[in-house]
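Take a look at the letters that make up each chain.
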Amino acid sequence: RYPASKSSSTAAKISGSSGSDNKSSINMAEHPIFRKGVRKRTARQHASVSKSTAIIDVKIARANGLEMLDNTLISAATANESTARPPKGNITSNKEEYESEDPVSINFSLSTPKDGVSNYRIGIFMRTTHPQGGSIPPIMGLPLCSNEGSSSSNCLTSDNITTGLVTFSEETIKHMMPNVGAHWPIDFDQWGTEFDVYVLDGGGDGVVGPVKFNVMRNDTH
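Time to look at the packing of aromatic side chains. Per the counting criterion, the structure on display carries 4 aromatic pairs. Summarising the aromatic geometry, the rings of Y98 and F213 are spaced 5.6 Å apart at their centres and angled 85° between planes, so their arrangement reads as edge-to-face. Taken together, the residues span a long stretch of sequence, with Y98 in strand β2 (residues 97-99) and F213 in strand β9 (residues 206-216) at a distance of 115 residues. As far as burial versus exposure is concerned, Y98 and F213 are alike and both buried.

We now examine empty space enclosed by the protein. Tallied over the full model, the rule gives 1 cavity of 30 Å³ or more. Taken together, Y98, E99, S100, D102, V104, W184, P185, I186, F188, F213 and V215 make up the lining of the largest cavity. At the level of secondary structure, the elements contributing two or more residues to the lining of the largest cavity comprise β2 and β9. The residue inventory of the lining of the largest cavity, partitioned by class, reads 8 nonpolar, 1 polar and 2 charged.

Right, let's get into the environment of M140. Counting through the fold element by element, M140 comes out in strand β5 (residues 140-143). Residue classification places M140 among the buried residues on the basis of a relative accessible area of 5%. M140 sits 28 residues away from F168 along the chain, and the two C-alpha atoms are 9.2 Å apart. Those residues in contact with M140 that lie beyond four places of it in its chain are I122, G123, I124, F168, I173, M177, H183, W184 and I186.

Structurally, the position occupied by S105 is in strand β3 (residues 104-111). A polar atom in the side chain of S105 sits 3.1 Å from the side chain of T167. Not counting residues within four places of it along the chain, the set of residues in contact with S105 comprises T92, S93, N94, Y98, L165, V166 and T167.

Attention now goes to the pattern of salt bridges. Where charged atoms from two side chains of opposite charge approach closely, those side chains can pair. Summed over the entire model, instances satisfying the criterion amount to 5 salt bridges. Of the charged contacts in the structure, one is a salt bridge between K95 and D102, with a shortest N-O distance of 3.3 Å. A residue is classified by how much of its surface remains accessible, and K95, at 38% relative accessible area, is partly exposed.

When the pLDDT values of the protein chain are averaged, the result is 73; 56% of them are 70 or greater. Low pLDDT, under 50, characterises residues 63-87; the stretch is placed with 20 contacts to residues that sit more than four places away or in other chains.

This brings us to unusual backbone geometry. In this model, W184 is joined to P185 through a cis peptide bond whose omega is 5°. The topology assignment puts P185 in the loop between α4 (170-176) and α5 (188-191). In the Ramachandran plot, Q132 falls in the positive-phi region, its phi being about 55° despite a non-glycine side chain. In this fold, Q132 is placed in the loop between β4 (121-126) and β5.

Definitions and cut-offs
Residues numbered from 1 in each chain as written. Predicted model: local features only at pLDDT ≥ 70, side-chain atom pairs only at ≥ 80, totals over all residues. Heavy atoms only, no water. Phe/Tyr/Trp six-rings, centres within 6.5 Å; stacked < 30°, edge-to-face > 60°. Helix = DSSP H or I, 4+ residues; strand = E, 2+ residues; numbered from the N terminus. Buried < 20%, exposed > 50% of the residue type's maximum accessible area, 1.4 Å probe, protein only. 1 Å grid on protein atoms, 1.4 Å probe; cavity = no way out; pocket = protein on both sides within 12 Å on 5 of 7 lines; lining within 4 Å. Points joined across faces, edges and corners; volume = space filled by probe spheres on them. Nonpolar A, V, L, I, M, F, W, Y, C, P; charged D, E, K, R; others polar. Contact = heavy atoms within 4.5 Å. Polar contact = N/O pair within 3.5 Å; in protein donor to acceptor, adjacent residues only side chain to side chain. Salt bridge = Lys/Arg side-chain N within 4 Å of Asp/Glu carboxyl O. pLDDT = per-residue confidence, 0-100.

Below you can see the structure in the form of structure tokens.
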């Protein structure tokens, strides 16, 4: 403890002690700033600030399409987000692995938005590729609920929940995407054989998913 008459000398020692801690005569354990109660409160405050900062950093990175190097930071922030914001629905694939020519069927359910799902789609992406708020388009996508009598998608809305099934096949792609040059199956040389599927809103952002599926190419048998 420092007598009151030595307070100015103590302050000078604190400010000038950088790089010479072993020479300082200050007893850090007895200094008011480092008392036990203060240390605990300070640790709690730092932990709270660190968690909030982590969440903000991850949101900013996602908004700008950036990847963060600190995986621990991403995990902590994502866990906190998932706890605070429950999933909006569910999406599954009929199979985890398909033959190269097989149709791919995707089942979905989600809370029906106020403006309906007329602009919603099911989109197929390369594995680990995210829609990034709609800035990255899918390899191909089909309407969540088709109004054209196509067998590609059938859905039902009841009690504010929309459920249905969307099928990607040669027939449905030709019918629903005739003017964009899309074809089925996907070009595996260009896009690989591992895919993620999302329910996309009207802006192209992923609101449900992903569900994963793989394709076994004929030349790999």
